[in-house]
Amino acid sequence: MTVRLAPSILSADFGRLAEQVQEAVEHGADWIHVDVMDGHFVPNITIGPAVTHAVRAATDRTVDVHLMIEAPDRYLEAFVDAGADVVTVHLEACTHLHRTVQRIRELGARAGVAVNPATPVDHLRDIVADLDLLLVMSVNPGFGGQRYIEASTQRLARARALLDAEGRAGALLEVDGGIDEHTAGDAVAAGADVLVAGSAVYRHDAGLVEALRRLRAAAEAGLARRRGGKGAEGR
């Protein structure tokens, strides 16, 4: 078991985006997370394929694109062409989720599905077999810097149990929202494989390098608890 750190560029300085991506990778980032918002599915507007392309040009690490948008099928090809390795759509935004997941894979990317905090994880049971990644939102999507919803830890444990029950050992469990040095350990102990962190990396008072060091240490402590069977309860 390994934990992947995926800094979100939502909190980065876009005036020096390439530099901030490269600095994160140099100091321990495994993936780079790209949050795409349309002002309709969530109350914020962020970035599109052009910025995704800029991230792709700045690193050879996994580019993890999270589409918080309505009708994501219209934009799948554009984001994959821009360099996305993983494309995650929301269960709540997709009318024909199986078709959307299949299309992502046809385009050559790994397919993920996200669920909002009020959506039962069990609603993904019939799609789990087709997923490369399951993303549990630990805040209501739309803005960075929000506090982690405590109930998310148990939701992660249920998501991990669902993946394991369906024999999806190769699928990754990602968590996004309020992840920092204080919440990462519980998230990993509960089953998370990928930690998305924005403000906790790019806006940490101690700087990016120290932020990533602390986040990695917290993740490793959580992983030790998980290996020891303590999971979400072993605080």
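Conventions adopted
Residues numbered from 1 in each chain as written. Predicted model: local features only at pLDDT ≥ 70, side-chain atom pairs only at ≥ 80, totals over all residues. Heavy atoms only, no water. Helix = DSSP H or I, 4+ residues; strand = E, 2+ residues; numbered from the N terminus. Expected span 1.5 Å × (residues − 1). Buried < 20%, exposed > 50% of the residue type's maximum accessible area, 1.4 Å probe, protein only. Contact = heavy atoms within 4.5 Å. Core = buried A, V, L, I, M, F, W, Y, C linked by side-chain atoms within 4.5 Å. Pairing = 2+ DSSP bridges. Axes fitted to C-alpha atoms, helices over the stretch in contact; angles between N-to-C directions. Salt bridge = Lys/Arg side-chain N within 4 Å of Asp/Glu carboxyl O.

K.L.:
Whenever I open this one, helix 5 (residues 152–165) confuses me. Can you help?
P.N.:
Over its 14 residues, helix 5 runs 20 Å from end to end, which matches the ideal 20 Å to within 8%, given 1.5 Å per residue. Every buried residue belonging to helix 5 is among Ser-152, Thr-153, Arg-155, Leu-156, Ala-159, Arg-160, Leu-162 and Leu-163, and all of these are buried. Those residues of helix 5 that are buried lie in contact with strand 5 (110–115), strand 6 (133–137), strand 7 (172–176), helix 6 (184–190) and helix 8 (208–227). Phi for Gly-167, located one or two positions after helix 5, is positive at around 70 degrees.

K.L.:
Looking at this model, I keep getting lost on the nonpolar core. Mind explaining?
P.N.:
Burial of nonpolar side chains together is a common tendency in soluble globular proteins. One finds Ile-9, Leu-67, Leu-124, Leu-156, Ile-179 and Leu-195 to be the most contacted residues of the largest nonpolar core, which totals 67 residues. Ignoring sequence-local partners within four residues, the contact set of Leu-67 consists of Val-36, Pro-72, Leu-76, Phe-79, Val-87, Thr-88, Val-89 and His-90. Membership of the second largest hydrophobic core comes to 11 residues, among which are Trp-31, Leu-133, Met-137 and Val-196.

K.L.:
I tried to follow the sheet that holds strand 3 (residues 62–68) on my own but got confused; where do I start?
P.N.:
Where strands meet in a sheet, backbone hydrogen bonds hold them as pairs that are either parallel or antiparallel. Taken together, the eight strands give an open sheet; going across it, the order is 1-8-7-6-5-4-3-2, and neighbouring strands pair in parallel fashion. Looking along the sheet, the strands with just one partner apiece sit at the ends: strand 1 (4–7) and strand 2 (31–37). On average, adjacent strands in this sheet sit at an angle of 25 degrees to one another, irrespective of strand direction. One ladder, built from four bridges, connects strand 5 with strand 6; its direction is parallel. Directly across from Val-113, in strand 6, lies its bridge partner Leu-134. Packed on one face of the sheet, helix 2 (residues 49–58) meets strand 2 and strand 3 and runs near 165 degrees to strand 3.

K.L.:
Help me out: how do you make sense of the pattern of salt bridges in this one?
P.N.:
Pairing is possible between side chains that carry opposite charge, provided their charged atoms lie close to one another. What the rule picks out here adds up to 16 salt bridges. Note that Arg-56 and Asp-85 form a salt bridge whose closest N and O atoms lie 2.7 Å from each other. Taken as a pair, Arg-56 in helix 2 and Asp-85 in the loop between helix 3 (76–81) and strand 4 (86–90) lie far apart in primary sequence, 29 residues in all. Among the salt bridges present, the one from Glu-210 reaches Arg-214, with a minimum N-O distance of 2.8 Å. Taken as a pair, Glu-210 and Arg-214 lie in helix 8 at a separation of four residues, close to a single helical turn.

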